[in-house]
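Reading the structure
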Amino acid sequence: MSELRIAIVGFGKIARDQHVGAIAVVQGATLAAVASRNASLPGLPHFATIEELLEQGPPIDAVSLCTPPQVRRAQAATALAAGKHVMLEKPPGIGVAELDPLIAMAAEAKRTLFATWHSRYAPAVEPARQWLATRRLKSVHINWKEDVRVWHPGQTWIWEPGGLGVFDPGINALSILTRILPQPVFVTAAELAFPANCQAPIAANLTLTDIGGLPVTAEFDFRQTGPQSWDILVDTDGGQMKLSRGARIMAVDGKVVADAPDEEYRELYRRFVALTATGMSDVDLAPLRLVADAFLLGKRTLVEPFVD
Ligand code: NAP
């Protein structure tokens, strides 16, 4: 099998923290170039924009778009038009409908469009899905609270329209939820707290359910200081299952039953390499639809301005 030559576009926090290391160890993947206006990686060809990369860069097969969501649709369209496979960081877009033409372009060109949900590759997600499949679910609660100043320092795009605010991390919880539950869920009510100087919420409470009336609640908050929470609790007829630390750990009635090292981004690139071998796409918009519906249904309150 020939190597998949990948260029990273948008060399910011997640590109540095996860993508470079994952590409380095995944068989069949190789990092060939970087396109970023202000950042580069020593020893690799660098271009300021995706257009320059495609026009003047070394031969590549794929781009991995690690830019903010507001600019990714246009970059994905440019890359697909040039015959490249495309991997999208989450969330896949700033709206749901903007994905449709990209999906069609990828199918037409027989190229892969991979809308990633890295949290779905956390080690306890699949054990949780399997465990829940044989239980009767009574209720679900998501507690996803982190300090935005620690995890997103200086990321002004997150507060702009399409940046999603607290749903930037919150959508990770929803990506896990929509993978582990046996039935699809939908939003019935939402409360969104907007800082007076921001276009995206800093906190949100969601109420969801499924066709059987399962009560699901979610609390997202970007103002958490001290201990951080990335937990999902599910009460069932077989006990309480808890996913913690972003689904790295699964416990049932307090007893840990799954705890493995994080390989989320390696798994993403293994999947990307496998998809590109056949040109298949993988685009699941379920988590983004839930966030879109929260914006549609949400009661809004104004809270104090956010200063980074
Ligand atoms: P980031 O640190 O702000 O990096 C994004 C990079 O994209 C910037 O450094 C910038 O590099 C480039 N960029 C910004 N605005 C641009 C524009 N208007 N046009 C073209 N390029 C632009 O953000 P990040 O944390 O890496 O997040 C990027 C994406 O990854 C987001 O969708 C986020 O949800 C997702 N993600 C982040 C994390 C995390 O822990 N941070 C985890 C998982 C997923 P240049 O200035 O050099 O162009």
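Residues numbered from 1 in each chain as written. Predicted model: local features only at pLDDT ≥ 70, side-chain atom pairs only at ≥ 80, totals over all residues. Heavy atoms only, no water.

The protein goes by Gfo/Idh/MocA family oxidoreductase in an unreviewed UniProt entry, where it is assigned to Bradyrhizobium arachidis.

A few words now on the packing of aromatic side chains. Evaluation of the coordinates by the stated rule reveals six aromatic pairs. Note on F114 and F272: the rings are 6.2 Å apart at their centroids and 20° apart in plane angle, and the pair reads as stacked. Of the two residues, F114 sits in strand β6 (residues 113-115) while F272 sits in helix α8 (residues 264-278), which places them 158 residues apart along the sequence. Ring centres 4.7 Å apart and planes at 35° place the aromatic pair W159 and F306 in the tilted group. In this pair, W159 is assigned in the loop between α6 (148-151) and α7 (167-180) and F306 in the segment after β15 (299-303), connecting sequence segments 147 residues apart. Under the relative-accessibility criterion, W159 is labelled buried at 8%. Relative accessible area serves as the criterion here: at 9%, F306 is assigned to the buried category. Grouped by ring-pair contacts, the aromatic residues W159, F222 and F306 constitute a single cluster. (Phe/Tyr/Trp six-rings, centres within 6.5 Å; stacked < 30°, edge-to-face > 60°. Helix = DSSP H or I, 4+ residues; strand = E, 2+ residues; numbered from the N terminus. Buried < 20%, exposed > 50% of the residue type's maximum accessible area, 1.4 Å probe, protein only.)

Attention now goes to the domain arrangement of the protein. Examined at the domain level, the protein breaks down into domain 1 (4-115) and domain 2 (119-261 + 292-303). Once you take the C-alpha centre of each, domain 1 and domain 2 turn out to be 27 Å apart. Taken together, the contact between domain 1 and domain 2 spans nine residues of the former and 13 residues of the latter. Between domain 1 and domain 2 the total buried area reaches about 810 Å² when both faces are included, carbon and sulfur atoms providing 62% of it. Looking at the side of domain 1 facing domain 2, the largest losses of area belong to K13, Q70 and K90, adding up to 51% of the total buried there. (Domains from an automatic or database assignment. Contact = heavy atoms within 4.5 Å. Buried area = accessible area lost by both parts, 1.4 Å probe.)

Two modes of strand pairing occur in sheets, parallel and antiparallel, and in both the strands are linked by backbone hydrogen bonds. If you walk across this open sheet you meet the six strands as β3-β2-β1-β4-β5-β6, and the pairing is parallel. Edge positions in the sheet fall to β3 (46-47) and β6, since each has one partner strand and no second. As paired strands, strand β4 (residues 62-65) and strand β5 (residues 85-88) are joined by four bridges and run parallel to one another. Bridging from a neighbouring strand, A62 pairs with H85 of β5. Across the sheet, helix α1 (residues 13-25) touches β1 (4-9), β2 (29-35), β4 and β5, and the angle it forms with β1 is around 175°. With respect to the sheet, helix α3 (residues 69-81) is in contact with β1, β4 and β5, its orientation differing from that of β5 by roughly 160°. (Pairing = 2+ DSSP bridges. Axes fitted to C-alpha atoms, helices over the stretch in contact; angles between N-to-C directions.)

Feature annotation in UniProt places "domain: Gfo/Idh/MocA-like oxidoreductase N-terminal" (unreviewed entry) on residues 4-114, given in this structure's numbering. End C-alpha atoms of residues 4-114 are separated by 14 Å, and the span's content is 40% helix alongside 23% strand. (UniProt positions renumbered as here; feature names shortened; annotations may be inferred.)

What follows covers the nonpolar core. Grouped together as the largest cluster of nonpolar side chains are 77 residues, with contacts concentrated most on L53, V63, F220, M241 and L243. Counting residues per element, this core draws most heavily on α7, at seven residues. Looking at which domains feed residues into this core, each of domain 1 (4-115) and domain 2 (119-261 + 292-303) gives three or more. The residues contacting L53, other than those within four sequence positions of it, are A7, V9, A33, A35, F47, I60 and V63. The next biggest cluster of nonpolar side chains, apart from the first, holds 22 residues, and it includes L4, I8, F11 and I23. (Core = buried A, V, L, I, M, F, W, Y, C linked by side-chain atoms within 4.5 Å.)

Taken together, 23 residues lie near the ligand, and S36, N38, R72, Q155 and D168 sit nearest. The separation between an oxygen atom of the ligand and a polar side-chain atom of S36 is 2.6 Å. Here an oxygen atom of the ligand and a backbone polar atom of A39 are 3.3 Å apart. Those elements that provide at least two residues to the shell around the ligand are α1 and α3. At three residues, the largest contribution of residues to the shell around the ligand is made by α3. Taken together, the residues that form the shell around the ligand break down as 10 nonpolar, seven polar and six charged. Among the domains, domain 1 (4-115) and domain 2 (119-261 + 292-303) are the pair contributing at least three residues each to the shell around the ligand. (Near = heavy atom within 4 Å. Polar contact = N/O pair within 3.5 Å; in protein donor to acceptor, adjacent residues only side chain to side chain. Nonpolar A, V, L, I, M, F, W, Y, C, P; charged D, E, K, R; others polar.)

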